[in-house]
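Breakdown of the fold
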Amino acid sequence: MIEVLAAGPLTTVQDIGRPGLAHLGVGTSGAADRAALALANRLVGNAEEAAGLEVTLGGLKLRMATPATVAITGAPCPLRVRDRPAALNSPVAVRAGEQVEMGPPAWGVRTYLAVRGGLAVDPVLGSRSTDLLAGLGPPVLAAGQRLPVGELFDRLPIVDVAPVPGPPIAVVLRVLPGPRDDWFGPGGLRVLGGEPYLVAPDSDRVGLRLQGHPLERVRDGELPSEGMVEGALQVPPDGQPVLLLADHPVTGGYPVIGVVPPADIPLAAQARPGQGIRFRVVTG
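Everything quoted here is computed from the prediction, not taken from an experiment.

Cut-offs applied
Residues numbered from 1 in each chain as written. Predicted model: local features only at pLDDT ≥ 70, side-chain atom pairs only at ≥ 80, totals over all residues. Heavy atoms only, no water. Buried < 20%, exposed > 50% of the residue type's maximum accessible area, 1.4 Å probe, protein only. Helix = DSSP H or I, 4+ residues; strand = E, 2+ residues; numbered from the N terminus. Pairing = 2+ DSSP bridges. Contact = heavy atoms within 4.5 Å. Axes fitted to C-alpha atoms, helices over the stretch in contact; angles between N-to-C directions. Arc of directions from axis to C-beta. Salt bridge = Lys/Arg side-chain N within 4 Å of Asp/Glu carboxyl O. Core = buried A, V, L, I, M, F, W, Y, C linked by side-chain atoms within 4.5 Å. Phe/Tyr/Trp six-rings, centres within 6.5 Å; stacked < 30°, edge-to-face > 60°.

Looking at helix α1 (residues 34–43)
- Extensive coverage of α1 is indicated by the burial of seven of its ten residues.
- Among the residues of α1, A36, L37, A38, L39, A40, N41 and L43 are the ones counted as buried.
- One or two steps after α1, the chain reaches G45, where phi turns positive at roughly 85°.

What follows is the structure in structure tokens.
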């Protein structure tokens, strides 16, 4: 069992989400940076789909009721165990009664904590993820909450530290055109791939709201609602694109000028408000 002493600005339980339920109106959700959560789980010997914690901008403080092995990945933050600095991207042993404390990250937004055995909160529709838009899954963490930990009997992987690249010099995301790039004419994709866009302060797990040169439509009218995917670049009437992330709605009526491929989503999920993002339009 884990006791939450402080939850920070926003901490949620996340796993790989609820794929395959969009036809029922249920989005995938799950970790915004799935690669970081998968690495944390591998470091403690969990299956990659095990549930862990997604910590937004640090501030998390936990007490372990029993001995545990944890790993911290994603946005690099100051980590203290037994009131001493501890390593990121590495298995860390924590004794019963000891505290784990995470400060604000130096770059990025979301840091992930995996505990050996995974978090054993009750699943909803096959997942333990918190979907903030749909209101599914466990509640957002709060001080005083207690989280159950599952059992795992496999051997711990023999890994001291995982090699993780440093922060990118610039955030550049690939974009596959369409399906509605014709709503913006040939110049729309040129504008998208031109000057960088800034991440707006009201961005969240639903999507990155971007500020920059507006994308002007060459067609009038509105689309009927159609299916949406993670990575879709929706363009509202003001021309400022929105990059959909983990908790995106399953349908939408704004035209999608392009889609960021899944491999680039973890980088997008770590983009901070005020940070610049460039798009590189690709055709294959």
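Overview of the sheet that holds strand β1 (residues 2–7)
- Sheet architecture is open: six strands sit in the order β7-β6-β9-β4-β1-β11, paired in antiparallel fashion. The strands lining the two open edges of the sheet, one partner per strand, are β7 (84–85) and β11 (146–147).
- Bridge analysis of β1 against strand β4 (residues 60–64) gives five bridges, and the strand direction is antiparallel. The residue bridging A7 from the neighbouring strand is L60, located in β4.

Re the environment of V4
- Here V4 shows up in strand β1.
- A sequence separation of 95 residues divides V4 from Q99, and the C-alpha atoms of the two residues are 9.7 Å apart.
- Apart from the residues lying within four places of it in its own chain, the contact partners of V4 are K61, L62, L141, A142, A143, G144, Q145 and L147.

Some thoughts on the sheet that holds strand β19 (residues 256–259)
- Judged by pairing direction, the barrel is mixed, and its seven strands sit side by side in the order β12-β19-β16-β17-β14-β13-β20 before closing back on the first. Averaged over all neighbouring strand pairs, the angle between strand axes comes to 40°, with direction disregarded.
- As judged from the three bridges shared by strand β16 (residues 232–234) and β19, these two strands associate in the antiparallel manner. For Q234, the partnering residue across the bridge sits in β19 and is V256.
- This element, helix α2 (residues 185–192), spans β12 (171–177), β13 (197–199), β16, β19 and β20 (276–281) of the sheet and lies at about 50° to β19.

A look at α2
- Three or more residues of α2 are buried, namely G185, G188, L189 and L192. Looking down the long axis of α2, one finds its buried residues gathered within 125° of arc, a one-sided arrangement. Turned more than 90 degrees off the buried face of α2, the exposed positions are P186 and R190.
- In this structure, the buried residues of α2 make contact with β12, β13, β16, β19 and β20.

What about the pattern of salt bridges?
- In the structure shown here, the tally under the stated rule is 14 salt bridges.
- For R95, the salt bridge identified is with E98, shortest N-O distance 3.1 Å.
- One salt-bridge network, in which partners are shared between bridges, spans E54, R110, R205 and D247.

A closer look at the pairing of β20
- With five bridges connecting them, β12 and β20 associate as parallel partners. When the sheet's bridge partners are listed, V175 is paired in β20 with V281.
- Strand direction decides the pairing type here: β13 and β20, joined by two bridges, are antiparallel. Its bridge partner being in β20, L198 is matched across the sheet by G276.

Notes on the nonpolar core
- If you look at the biggest cluster of nonpolar residues, it comprises 26 residues, and the most contacted ones within it are L53, L62, M64, M102, L119, L141 and L147.
- Beyond its immediate chain neighbours, meaning those up to four positions away, M102 contacts V55, G58, G59, L60, I72, C77, P78, L79, T111 and L113.

Topic: the packing of aromatic side chains
- Enumeration over the complete set of coordinates arrives at one aromatic pair.
- Between Y197 and F279, the ring centres sit 6.2 Å apart and the planes meet at 65°, which makes this aromatic pair edge-to-face. Separated by 82 residues along the polypeptide, Y197 in strand β13 and F279 in strand β20 bring together distant segments of the chain.
- We classify Y197 as buried; its relative accessible area is 1%.
- Judged by relative accessible area, which is 5%, F279 ranks as buried.

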